[in-house]
Amino acid sequence: MPAVLHPVDPRHPDPGVIGLAATMLRHGKLVAFPTETVYGLGANALDPDAVAAIYAAKGRPAWNPVIAHVPDVAAARALARSWPASAARLAAAFWPGPLTLVVPKAAQVPDVATAGLDAVALRVPDHPVALALLRAAGVPVAAPSANRFTQISPTTARHVQASLGDRIDCILDGGPCAVGIESTVVDCTGSDVVILRPGMITADDLARALHGTGIAVRIAVRTVSHGAGPEAGGPAPRSPGMADRHYAPQGDVWLFDPTQQDEVAAALQARAATGAGTGADTGTIRALLRTATLPLPAGSVVPMPDDPAAYARRLYAALHDADADGAVLIVIERPPDEPRWSGVRDRLSRASR
Ligand code: AMP
Ligand code: MG
């Protein structure tokens with residue numbers, strides 16, 4: 001049975017619809033809901049069978065743990081064996097918001113939710129529909145992005161429907177997501193804070209919030225490639241967000257720096273000369289450009305914003321549109337190598353592998 005899609009006004013979430021979705025969650029069902037980052041695929045985080053159903057619906061490998069969403073700090077602390085000073089500071093500074101904190105796991109969190117790790121990832125989302133749902137459910141809600149594994153995360157209810165519509169029970173449609181890429185994930189279990197996945201909250205933001213505590217911020221080295229997880233004989237990833245190819249469209253992705261504009265233009269012209277990318281059989285080209293110009297028809301070019309927040313908000317929809325149009329090649333101009341662009345640059349580099 002296809003998922004039931006319920007429109008919910010984010011300014012006034014209808015208690016009837018929220019109550020219905022909350023009841024479904026308490027009964028072990030899967031409910032997709034909007035957050036400020038991307039749409040999540042939710043299940044009761046304390047119910048191992050419900051969490052297992054998320055993995056089945058997404059086709060997500062069992063070594064890839066999920067984030068538990070809670071309505072407030074008190075509910076987060078109930079899932080943590082201890083609450084590190086770094087977590088206390090960062091939660092006070094950024095929750096509700098696009099920051100996930102990895103802390104020592106309490107016994108009540110089932111192993112399936114953390115992929116057997118002794119730490120649990122927690123977040124209070126900044127979205128009125130998500131918060132209303134979490135409060136009404138009264139249980140923590142495990143929610144990875146509501147897409148099939150390795151596909152692009154959804155930033156609208158339509159994206160969820162296209163990817164998972166026949167595999168889940170309910171979708172709450174609260175409109176497009178305001179942040180647009182997944183949360184920053186930080187490991188708070190050690191003496192330093194370690195960024196496991198960059199996002200719109202940057203290392204500088206974290207360092208500012210930790211100022212005066214003596215706690216340093218480090219960025220994890222990415223060690224695991226897609227397909228080299230435990231099932232391929234590789235080590236369990238410290239964090240699955242470090243899997244290289246994790247946010248990818250169907251078509252090939254070429255990333256280029258603005259200084260390489262002429263080379264890319266020449267490569268596109270050579271491609272056109274051989275007939276590739278010109279007809280319906282060879283498919284469409286999309287170019288996501290900020291400053292560069294390329295020899296492509298206007299309909300192929302998607303102008304992208306100058307500002308990182310606006311860019312992030314727009315990015316996944318642009319990639320979903322390219323997928324939906326059957327683009328075989330997506331050419332993307334890389335934004336500058338600056339800290340405020342690190343979340344966007346991370347997702348672009350993973351889309352291109
Ligand atoms: P997704 O839900 O697909 O956006 O991805 C969940 C992200 O949370 C992963 O990419 C990890 O970075 C992170 N994560 C979840 N649980 C843990 C954990 N116990 N330890 C470390 N990272 C985690
Ligand atoms: Mg995901």
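Residue indices follow the written sequence of each chain, beginning from 1 at its first position. Each chain takes a letter, starting from A, and each ligand takes a number, starting from 1, following the order in which they are written. Residues qualify for local features only when their pLDDT is at least 70, as the model is predicted, and side-chain atom pairs are given and counted only at 80 or more; totals for whole chains, interfaces and linings, by contrast, use all residues. As a rule here, side-chain values come from all non-hydrogen atoms in the structure, and water together with hydrogens is ignored.

Participant: Describe the overall build of the chain, naming the residues involved and giving the relevant values.
Facilitator: To qualify as a helix, a DSSP run of H or I must reach at least 4 residues; to qualify as a strand, a run of E must reach at least 2; elements of each kind are numbered from the N terminus. Along the backbone of the chain there are 11 helices and 15 strands. Radius of gyration here is computed from C-alpha atoms only, and the compact-globule reference equals 2.2 Å multiplied by the residue count raised to the power 0.38. What you see for the chain is a C-alpha radius of gyration of 20 Å, in line with the 20 Å of a compact globule of 353 residues. Viewed in the frame of its principal axes, the chain has a C-alpha envelope of about 60 × 50 × 45 Å. Taking all 353 residues of the chain together, the buried fraction comes to 54%. Note on areas: these come from Shrake-Rupley sampling with a 1.4 Å probe, and a residue is covered only by the protein chains present in the view. On the chain, roughly 14,200 Å² of surface is accessible, and the fraction owed to carbon and sulfur atoms is 54%. To sort residues, take the accessible area from a 1.4 Å probe on protein chains only and compare it with the maximum for the residue type: under 20% means buried, over 50% means exposed, and anything in between is partly exposed.

Participant: Tell me about the pattern of salt bridges, and name the residues and values.
Facilitator: Whenever a carboxyl oxygen of Asp or Glu lies within 4 Å of a side-chain nitrogen of Lys or Arg, that contact is scored as a salt bridge. Under the defined criterion, the tally for this structure stands at 14 salt bridges. In this structure, Arg345 and Asp337 form a salt bridge, with 3.9 Å as the shortest nitrogen-oxygen distance. Of the residues examined, Arg345 reaches a relative accessible area of 22% and is grouped as partly exposed. On the accessibility criterion, Asp337 (67% relative accessible area) is exposed. Between Asp346 and Arg347 there is a salt bridge; the shortest N-O distance is 2.6 Å. Here the two residues Asp346 and Arg347 agree in accessibility, since each one is buried. One connected set of salt bridges, linked through shared partners, spans Glu182, Asp346, Arg347 and Arg350.

Participant: Tell me about the packing of aromatic side chains, and please be specific about residues and values.
Facilitator: Pairing of aromatic side chains requires ring centres within 6.5 Å, counting the rings of Phe and Tyr and the six-membered ring of Trp. Pairs whose planes differ by under 30 degrees are stacked, by over 60 edge-to-face, and all others tilted. Under the counting rule described, the total for this entry stands at two aromatic pairs. Relative to Trp95, the ring of Trp83 has its centre 6.2 Å away and its plane inclined at 45°; by these criteria the two rings are tilted. You can see Trp83 sitting in the loop between helix 3 (73-77) and helix 4 (85-94) and its partner Trp95 sitting in the loop between helix 4 and strand 5 (99-104), a full 12 residues away along the chain. Residue Trp95 is classed as buried on the basis of its relative accessible area of 10%. Summarising the aromatic geometry, the rings of Tyr311 and Trp341 are spaced 5.4 Å apart at their centres and angled 85° between planes, so their arrangement reads as edge-to-face.

Participant: Tell me about the packing of helix 10 (residues 308-324) against helix 11 (residues 342-351), and please be specific about residues and values.
Facilitator: Note on geometry: axes are lines fitted to C-alpha atoms, helical ones only across the stretch in contact, with angles between N-to-C directions running from 0 to 180 degrees. Contact geometry for helix 10 and helix 11: axes closest at 9 Å, N-to-C directions at 30°. With respect to each other, helix 10 and helix 11 are oriented roughly parallel. Pair helix 10 / helix 11 crosses with left-handed handedness. Counting all contacts with helix 10, which are made through Pro308, Tyr311, Ala312, Leu315 and Tyr316, the residues of helix 11 involved are Val344, Arg347 and Leu348. Residue classes in the contact of helix 10 with helix 11 are distributed as seven nonpolar, no polar and one charged. Throughout this description, any angle smaller than 35 degrees is read as roughly parallel, any larger than 145 degrees as roughly antiparallel, any in the 65 to 115 degree range as roughly perpendicular, and the remainder as oblique. Here a crossing is taken to be left-handed if its near helix is turned anticlockwise relative to the far helix by less than a right angle, and right-handed if that turn runs clockwise. Any two residues whose heavy atoms approach within 4.5 Å at even a single point are treated as in contact. Throughout this entry, Asp, Glu, Lys and Arg are counted as charged residues, while Ala, Val, Leu, Ile, Met, Phe, Trp, Tyr, Cys and Pro are counted as nonpolar. The remaining residues, Gly among them, count as polar.

Participant: Tell me about the sheet that holds strand 9 (residues 184-187), residues and numbers included.
Facilitator: Two strands make a pair as long as DSSP finds a minimum of two bridges between them. Spatial strand order, 1-8-2-3-7-4-6-5-9-10-11: 11 strands in an open sheet with mixed pairing. Each edge of the open sheet is held by one strand with a lone partner, namely strand 1 (4-7) and strand 11 (217-219). Examined bridge by bridge, strand 4 (residues 67-69) and strand 7 (residues 141-142) share two bridges and lie antiparallel to one another. Looking across to strand 7, one finds that Ala68 is bridged to Ala142. Where helix 1 (residues 15-26) meets the sheet, its contacts fall on strand 1, strand 2 (31-33), strand 3 (40-44), strand 7 and strand 8 (170-173), and the angle it forms with strand 8 comes to roughly 145°. Along the sheet face, helix 4 touches strand 5, strand 9 and strand 10 (193-197) and points at about 160° away from the line of strand 5.

Participant: Mind laying out helix 10, listing which residues take part and the relevant values?
Facilitator: The first and last C-alpha atoms of helix 10 sit 24 Å apart over 17 residues, in line with the 24 Å expected at 1.5 Å per residue. Take the seven residues that end at a residue and the seven that start at it, fit an axis to each, and the angle between those axes is the bend at that residue. Most pronounced at Arg314, the bend in helix 10 amounts to some 30°. Pro308, Tyr311, Ala312, Leu315, Tyr316, Ala317, Ala318, Leu319, His320 and Ala322 are the residues of helix 10 that are buried. For helix 10, the elements touching its buried residues are helix 7 (157-164), strand 13 (284-289), strand 14 (301-303), strand 15 (327-333) and helix 11. Just downstream of helix 10 lies Gly326, where phi reads positive at about 75°. Expected helix span is taken as 1.5 Å per residue step, with the number of steps being one fewer than the number of residues.

Participant: Can you lay out the nonpolar core for me, pointing to particular residues and giving the numbers?
Facilitator: Grouped burial of nonpolar side chains is what soluble globular proteins tend to show. We define the nonpolar core as a collection of buried residues of types Ala, Val, Leu, Ile, Met, Phe, Trp, Tyr and Cys that are connected through side-chain atoms lying within 4.5 Å of one another. Counting 50 residues, the largest nonpolar core has Trp83, Leu90, Leu101 and Ile168 as its most contacted members. At the level of elements, strand 3, helix 2 (48-58), helix 4, strand 5, strand 6 (119-123), helix 7, strand 10 and helix 8 (203-209) are the ones that each hand at least two residues to this core. Among the elements that take part in this core, helix 2 stands out by supplying five residues, more than any other. In this structure, Leu101 is in contact with Trp83, Ala87, Leu90, Ala91, Trp95, Val120, Ala121, Leu122, Val186 and Cys188, ignoring residues within four places of it in sequence.

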